[in-house]
Each structure stands twice: as structure tokens, then as C-alpha cells.
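This is what each chain is made of:
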Amino acid sequence: MLSFNEKPVFYLKVLPVLIGLKLNHCDMADIVLTTFNAKYVHTAFGLRYLLANLGPIKDRAVLLEADIHQWPIDHAEAILAHKPRIVGFGVYIWNVPQTYETIKIIKTISPDTVVVLGGPEISYAYERHPLYALADYVIPGEADLAFRELAQRILAGNPPHEKVFPTEPPDLTEIELPYSLYSDSDVQHRVIYVETTRGCPFKCQFCLSAIDHRVRYFPLDPVLQEIKRLIERGATKLKFVDRTFNVRLEHAVQVMEFLLANYRPGVSLHFEIVPDRLQPELIELSRKFPPGALRFELGIQTFNPEVASRINRPQVNKKIIDTIRTLRETTSVHLHTDLIFWTARRNTRIVCHWIRSACSTQPARNTGWYLKTSPWSSNSHPRRTLSNAI
Ligand code: SF4
């Protein structure tokens, strides 16, 4: 990838001319919401929330997705073609270099364009993040409603003086749902993210979701009706991003019964599950779905009680193994288990034991992760690296 630091003459002198030649022929939008997804099939769920909640300025905004295999120069050109006054970037662990390069190009060509950053990667310890210095504003945390407030102030000529625009987790009953913003093409060809809750009650030391351990629930009926509409429109890959789907039995049963009643052949439904707390009622319900319908991602992370205690993850290993065996032997759920090697502190013997234990349950897929601490993140929140799956 062309680096800004390696090619300053190109970026500062040639690029503005090249892009400037093309910018005269494009539709304008005051706000561009954008991100680099890890893959084309992934959809930017968070940005769709921002767009859905822009209220009276929604018509002045466009959503522009790229993936990390696209060149920042091309994406900057696509953004600038709209002549935006504000560009909002969703920042994730996988797209920091691409976002950095893109902002550099935008600020070189159009220094008055206001750059706003949000997303998990810029929500904690942001002052030390390399993107922080490039941004005009940072919104840490859930920006569903805060982005609109900030954008309205900027467009009205009353921008805040502080770079960090603080926000509290919004009341989920006040948020506009974003599901109608999935296009027909998204629905037919890409992964469609949905959620019925936010937050996680557990406090695993390595996980950003543990920071807010209150579980908040969306009003369920509207979400379920949106999911039904997505299935009717042809969605086949629905991924629930609820951090722990089985946290409350009554809620999970209601969702699964609705999905069973509205199931269409070919639809796959993905859930993140804490295995040693998987309730028998949910196992029983999962038996009623046809093969290929359900995918459970089961977080094991470690088989070592001392490590589990150290990372604030109390769990019962025998129950985990029994649950996975029961699911494998009595249901057709596609099982995917997770281990995190970082917790073993590079002890190969421990890691091998974990892998043997996890494989003995014979899930369809077993994934191991290292963890790393980003140089700008606090030591208490190391992040997953995405490249070390086995
Ligand atoms: S690892 Fe899973 S269970 Fe633990 S805090 Fe994160 S989301 Fe919750």
C-alpha cells in the first residue's frame, strides 16, 4: 500500500490535481458515513444506526462502505466526490491503517472537511491512538444519537470546542432501527447483522464488552418484525451480535421461537453463546431447527481454572464439555468454539492441552486467538488479533 510518509510529494502535489479533475461531476452530500469492512460480505451495522438516527438531516447524508482490500486513495476519491462537510469514520481494529491513510488524503485535499471518528477502536484510551491527532472530533462509545447532535451543530455553524464529544449509552427505546437501510443487494449477498441486546453481564478481563456490564434490551417486537421482513426479503445469513445471547432464558426463548415460526429454508442464524450456562430449554428448542439453520459460537477461551479466575471468567469446564457434546450428538447446530491463547501466557503445554480438550468435543470448527495490546490501548484491554486463527 502506498504510504503517506513514503510518498509526500505524490500526496501533496499530484493527488489533489488528479482527484480535483474528477470531483466536478458528482452528487453532493453534506455528510459521508464510511468505514473499511474486513471483507466485502460484512456490512457496517454501526453506520446504518448512525444514518437511521440522523432525523431531519438524514437526507443530507450518504453511506459509503469499502473493504480493507481497497486502496485508501480510491476510497478518499469516492468520499470527496460528494464534497462532504463532515466525514464520519467507523474505526475497528482491522481498519486503522486504511483509515489513517484515507484521512491524510482527505485532509490534504480538503482541509476544511470535518473528520469525526467513532467505533470500538477509538472508544477507549483514544488520546494515544494514532488517528486521534488527525481527527476533528471523536465520539467514544455508542454514537447512535450523539453523531446527529454533533453533525447538526457543525452544519449550523456552532461546532463544539472540545475534540471529544462525550456520550452516554443511549436509551434503546429511543433509537431508530436501521434494518430498512440494508439494500436488496446487501440482503441477498452479504452478512446481515441484527441485535436484540447490548452489553454483557460478564467481566472477562480481555474484552471490551466487559466495560459496560449492564445488559440493555431493545423493545423486542419491533426488532423481531424487522428480522421477519429481512427473511422475507431474502436474507440468508443473519448474525446476532448480542454479546451473550443466552444471558436471559425468557428473552432467548422468545427470539428462538419467533425464528422457528418464521424460518425459511436456506437461512442461517448465528448466535454467540456462553456454553456452561446454555439452558436445557434452548438446547431442546435448537433440536427443532433443520440442519444448517443454527450456528453457535461457543466462547471457551481457557480450560485452566487458575487462568479463568485471573481473567475474571468463572466457568465450569465439565459443563462446557458436556454441553458441547450434547449439542453435537443431539442437535444439528453448527458449532464453533473459541480459545484465546494469550491467557496461557505462551505456555505451549497448556495450549496443547486446551486444543486437545476443545477438539475432543468435536465442534465443526475450533478457533484459537492470540491477544495483543495495541500500543495506544490500556493494558487492561488487550485486543484480539484477527490473523492468528487456527
Ligand atoms: S468475552 Fe464474551 S462473555 Fe466475556 S465479557 Fe466479552 S462478550 Fe461477555
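Calculation criteria
- Residues numbered from 1 in each chain as written.
- Predicted model: local features only at pLDDT ≥ 70, side-chain atom pairs only at ≥ 80, totals over all residues.
- Helix = DSSP H or I, 4+ residues; strand = E, 2+ residues; numbered from the N terminus.
- Expected span 1.5 Å × (residues − 1).
- Buried ≥ 20, exposed ≤ 12 C-beta atoms within 10 Å, placed from the backbone.
- Arc of directions from axis to C-beta.
- Contact = placed C-beta atoms within 7 Å.
- Pairing = 2+ DSSP bridges.
- Right-handed = clockwise from strand over helix to strand, strands pointing away.
- pLDDT = per-residue confidence, 0-100.
- Core = buried A, V, L, I, M, F, W, Y, C linked by C-beta atoms within 7 Å.

### Examining helix 8 (residues 249-261)
Right, on to step 1. In this model, helix 8 (13 residues) spans 18 Å end to end at C-alpha, consistent with the 18 Å of a helix rising 1.5 Å per residue.
Right, on to step 2. When we look at burial in helix 8, the residues that qualify are A252, V255, M256 and L259. For helix 8, the buried positions fall inside an angular range of 95° around the axis, keeping them on one side. Within helix 8, the exposed residues directed more than 90 degrees away from the buried face are E250 and A261.
Right, on to step 3. Buried-residue contacts for helix 8 involve strand 10 (268-273) and helix 9 (280-286).

### Focus: the pairing of strand 9 (residues 237-240)
Right, on to step 1. In this sheet, strand 9 lies alongside strand 6 (residues 192-194) in parallel orientation, the contact comprising three bridges. Its bridge partner being in strand 9, Y193 is matched across the sheet by K239.
Right, on to step 2. In the sheet, strand 9 pairs with strand 10 via three bridges, with the strands oriented parallel. From the neighbouring strand, L238 faces strand 10, where its bridge partner is L269.
Right, on to step 3. Crossover handedness for the path strand 9 to helix 8 to strand 10: right-handed.

### Examining the confidence of the model for the protein chain
Right, on to step 1. Looking at the protein chain, the pLDDT average stands at 86 and 81% of residues meet or exceed 70.
Right, on to step 2. This model gives residues 372-390 a pLDDT under 50, and the stretch forms 35 contacts once residues within four places in sequence are excluded.

### Thoughts on the nonpolar core
Right, on to step 1. I192, L230, I273 and F296 are the most contacted members of the largest nonpolar core, which has 43 residues in total.
Right, on to step 2. Broken down by secondary-structure element, the contributors of at least two residues to this core are strand 6, helix 7 (220-232), helix 8, strand 10, strand 11 (294-301), helix 11 (317-330) and strand 12 (334-340).
Right, on to step 3. Ranked by the residues each element gives to this core, the list is headed by helix 7, at five residues.
Right, on to step 4. In this structure, I273 is in contact with F245, N246, L278, F296, E297 and L298, ignoring residues within four places of it in sequence.
Right, on to step 5. Core analysis: the second largest hydrophobic core is formed by 39 residues, I31, A61, V116 and L117 among them.

### Let's talk about helix 2 (residues 45-52)
Right, on to step 1. Most of helix 2 sits out of view: six of its eight residues are buried.
Right, on to step 2. The set of residues buried in helix 2 consists of G46, L47, R48, Y49, L50 and L51.
Right, on to step 3. Contacts made by the buried residues of helix 2 are with strand 1 (31-37), strand 2 (61-67), strand 3 (86-90) and helix 5 (146-155).

### Description of the sheet that holds strand 2
Right, on to step 1. Sheet architecture is open: five strands sit in the order 2-1-3-4-5, paired in parallel fashion. The open sheet has two free edges, formed respectively by strand 2 and strand 5 (137-138), since each of these has just one partner strand.
Right, on to step 2. With seven bridges joining them, strand 1 and strand 2 adopt parallel strand pairing. Paired with F36 across the two strands is A66, which belongs to strand 2.

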